[in-house]
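The residues making up each chain are set out below.
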Amino acid sequence: MAEGTCDSRFAEVREEFERNFAERGELGASVCITVDGETAVDLWGGVVDPATQRPWTSDTVVLVWSCTKGATALCAHLLADRGQLDLDAPVATYWPEFAAAGKEHVPVRMLLSHQAGLPALRDPLPAGAFADWDLMVKLLAAEAPFWEPGTRHGYHALTCGWLVGEVVRRVSGRPLGTFFAEEVAGPLGLDFWIGLPEELEPRVAPVVRTLAPTPGEPVAPFFMVAMSDPTSAAALIMMNSGGFMETPDDRRYHAAGIGSANGITNARGLAALYRPLALGGTAGGVRLLSPEALARASMTASAADLDAVLRAPTRFALGFCKSVGDFGPSDVLVLGPDAFGHPGSGGSIGFADPGERLSFGYAMSKMGFGTGLNARGQSLVDATYRALGYRTRQPGVWIR
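Residues numbered from 1 in each chain as written. Predicted model: local features only at pLDDT ≥ 70, side-chain atom pairs only at ≥ 80, totals over all residues. Heavy atoms only, no water.

Participant: Just checking my understanding: could you explain the pairing of strand S16 (residues 358–364) for this structure?
Facilitator: Looking along a regular strand, one sees the side chains alternate between the two faces of the sheet. Taken across its seven residues, S16 has seven buried, putting it largely inside the fold. The alternating pattern of S16 places Leu-358, Phe-360, Tyr-362 and Met-364 and Ser-359, Gly-361 and Ala-363 on opposite faces, both of which are buried. In this sheet, S16 lies alongside strand S2 (residues 28–35) in antiparallel orientation, the contact comprising seven bridges. Opposite Thr-34, over in S16, you have Ser-359 as the bridge partner. As defined by bridge partners, strand S15 (residues 349–353) adjoins S16 across five bridges and the pair is classed as antiparallel. Looking at S16, one finds that Phe-351 is bridged to Phe-360. (Buried < 20%, exposed > 50% of the residue type's maximum accessible area, 1.4 Å probe, protein only. Helix = DSSP H or I, 4+ residues; strand = E, 2+ residues; numbered from the N terminus. Pairing = 2+ DSSP bridges.)

And the structure:
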């Protein structure tokens, strides 16, 4: 099933990757791991299109949904590390229009820690709104918070891409996708795009949606709320996207700069994004962050047993997720204690573990049902930590 390379130390990762195809319904996917800056695993397999059986190849890329948030957050941290952005300053310092509806004192860091109270937009969005950057930032600047900023946190599943991205644009003078390409993807040589060039479309594997849980599987609280309360943030996230959630592979969305959800890459791109962050901020001669900025980016900034939007436990660093644990059959995120990164809807993930000098990426086309990882992605993460000598998976984190 698997093509590519795998160091013998990580043989179990290959075994679990192949089990995903044989036993867990995987369609097409890739997994990549670096340790000490060197590639230890680079595997891919399956098919891009089940109808034609076109194979998934080494350069196949796919929409990685919320894994994009890690790339967007990194852009903000680069600016902060350079002294151009103060994370404690009000957002309105850089984006004056944001001061509307009582948001004049909301600091930039609350956008990154999901505490700003703007997880969705209340008014119906026109078709194609997510492809219109100016419209989205105008609407978000005018939106009133769902809760008093700073009093709780709730996952800004889609809106944070424009919230953080507009700050990046105002400070740098460049659109988010351009800044990421010039300051991160280009220097690191990443095959990772926030706004995909049209000529690369033939390489993209289409998203295969999972619209319902398997029979007998409990429904995650987020989806229960979305289905039962049309005014809830959960329902608005799912139903008020101007068509994006229904047709994410529409070319206009691939081309747009949706910093929360439309990054296109593969496991190699995700692992390479986090490689410098696993090595103290610098890799391959490219310095992304100082050690001080890396510590600030990876430190837990908000945590609760009940996220105001997901209705499940969450722990966030500034723009990244931390290990949470098992909170449902298809809702799991168990990493090492030092790890930080971001999963994507359906089960993809990229993260760094500086304590192990490890970076990890997993990307797939067939989405799982739930709000975290599922058995496919978590099995690869588990096999990785076992290969590193970890023997105890506590409810919330892997420990030695």
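Participant: I tried to follow the packing of helix H6 (residues 176–188) against helix H10 (residues 267–278) on my own but got confused; where do I start?
Facilitator: A pair of packed helices can be characterised by two numbers: the angle between their axes and the separation between those axes. Contact pair H6 / H10: the axes reach a minimum separation of 10 Å and the direction vectors enclose 90 degrees. In this view, H6 runs roughly perpendicular relative to H10, as classed from their interaxial angle. Contact with H6, carried on its side by Phe-180, Val-184 and Leu-188, involves Ala-272, Leu-273 and Pro-276 of H10 and no other residues of that element. In terms of residue class, the contact of H6 with H10 is made up of six nonpolar, no polar and no charged. (Axes fitted to C-alpha atoms, helices over the stretch in contact; angles between N-to-C directions. Parallel < 35°, antiparallel > 145°, perpendicular 65-115°, else oblique. Contact = heavy atoms within 4.5 Å. Nonpolar A, V, L, I, M, F, W, Y, C, P; charged D, E, K, R; others polar.)

Participant: What should I look at first to understand the sheet that holds strand S5 (residues 61–63) in this one?
Facilitator: If you walk across this open sheet you meet the three strands as S6-S5-S7, and the pairing is mixed. Strands at the two margins of the open sheet, each flanked by one partner only, are strand S6 (204–205) and strand S7 (264–265). In the sheet, S5 pairs with S7 via two bridges, with the strands oriented antiparallel. Residue pairing in the sheet places Leu-63 in a bridge with Ile-264 of S7.

Participant: Sorry, what's going on with the nonpolar core here?
Facilitator: Nonpolar side chains in soluble globular proteins generally cluster together in the buried interior. Among the nonpolar cores identified, the biggest contains 137 residues, and Leu-85, Phe-180 and Tyr-385 are the most heavily contacted of them. If one sorts the elements of this core by residue count, helix H2 (residues 68–81) sits on top with eight residues. Not counting residues within four places of it along the chain, the set of residues in contact with Leu-85 comprises Ala-76, Leu-79, Ala-80, Tyr-94, Val-108, Val-167 and Val-171. (Core = buried A, V, L, I, M, F, W, Y, C linked by side-chain atoms within 4.5 Å.)

Participant: How should I be thinking about helix H5 (residues 160–172) in this particular structure?
Facilitator: What sets the pattern is the α-helix's 3.6 residues per turn: residues three or four places apart point alike. Spanning 13 residues, H5 covers 18 Å between terminal C-alpha atoms, matching the ideal 18 Å at 1.5 Å per step. Extensive coverage of H5 is indicated by the burial of eleven of its 13 residues. Among all positions of H5, only Cys-160, Gly-161, Trp-162, Leu-163, Val-164, Gly-165, Glu-166, Val-167, Val-168, Val-171 and Ser-172 are buried. The elements touched by buried residues of H5 are H2, helix H3 (108–112), helix H4 (133–142) and H6. Within two residues after H5, Gly-173 carries a phi angle of roughly 80 degrees, on the positive side. (Expected span 1.5 Å × (residues − 1).)

Participant: What is the right way to look at the pattern of salt bridges in this model?
Facilitator: Think of it this way: side chains of opposite charge can pair up when their charged atoms draw near. Inspection of the entire model under this criterion finds 24 salt bridges. Among the salt bridges present, the one from Asp-59 reaches Arg-203, with a minimum N-O distance of 3.7 Å. Residue Asp-59 is located in the loop between strand S4 (54–55) and S5, and its partner Arg-203 is located in the loop between H6 and S6; the two are separated by 144 residues in the primary sequence. Residue classification places Asp-59 among the partly exposed residues on the basis of a relative accessible area of 35%. We classify Arg-203 as partly exposed; its relative accessible area is 23%. Ionic pairing is found between Arg-393 and Asp-382, a salt bridge with its closest N-O pair at 2.5 Å. (Salt bridge = Lys/Arg side-chain N within 4 Å of Asp/Glu carboxyl O.)

Participant: What is the right way to read the packing of H2 against H5 from this model?
Facilitator: Across the interface, H2 lies against H5 with an axial gap of 10 Å and an inter-helix angle of 30 degrees. Considering their axes alone, H2 and H5 lie roughly parallel with respect to each other. The crossing of H2 and H5 is left-handed. From H2, Lys-69, Thr-72, Cys-75, Ala-76 and Leu-79 reach across to H5, where they touch Cys-160, Gly-161, Val-164, Gly-165, Val-168, Val-171 and Ser-172. Broken down by class, the residue content of the contact of H2 with H5 amounts to seven nonpolar, four polar and one charged. (Left-handed = near helix turned anticlockwise from the far one by under 90°.)

Participant: Help me understand unusual backbone geometry in this model?
Facilitator: A negative phi holds for most residues other than glycine; trans holds for most peptide bonds. With a phi angle near 55 degrees, Asp-36 is a residue other than glycine that sits in the positive phi range. Structurally, Asp-36 can be placed in the loop between S2 and strand S3 (38–49). The backbone of Arg-311 shows a phi angle near 60 degrees, a positive value even though the residue is not glycine. Following the sequence through the fold, Arg-311 ends up in the loop between strand S10 (302–304) and strand S11 (314–316). Its relative accessible area of 38% is what places Arg-311 among the partly exposed residues.

Participant: What am I meant to see in the environment of Ile-194 here?
Facilitator: Structurally, Ile-194 can be placed in the loop between H6 and S6. Here Ile-194 falls in the buried class, since its relative accessible area comes to 5%. A C-alpha to C-alpha distance of 7.5 Å links Ile-194 and Phe-180, two positions 14 residues apart in sequence. The residues contacting Ile-194, other than those within four sequence positions of it, are Thr-68, Ala-71, Thr-72, Leu-176, Gly-177, Phe-180, Ala-256, Gly-257, Ile-258, Gly-259 and Asn-262.

Participant: So what exactly am I meant to see when it comes to helix H11 (residues 291–298) here?
Facilitator: Among the residues of H11, those classed as buried are Ala-293, Leu-294, Ala-297 and Ser-298. Buried residues of H11 fall within an arc of 125 degrees about the axis and therefore sit on the same side. Away from its buried face, by an angle of more than 90 degrees, H11 presents the exposed residues Pro-291 and Glu-292. In this structure, the buried residues of H11 make contact with H2, H10 and strand S14 (340–343). (Arc of directions from axis to C-beta.)

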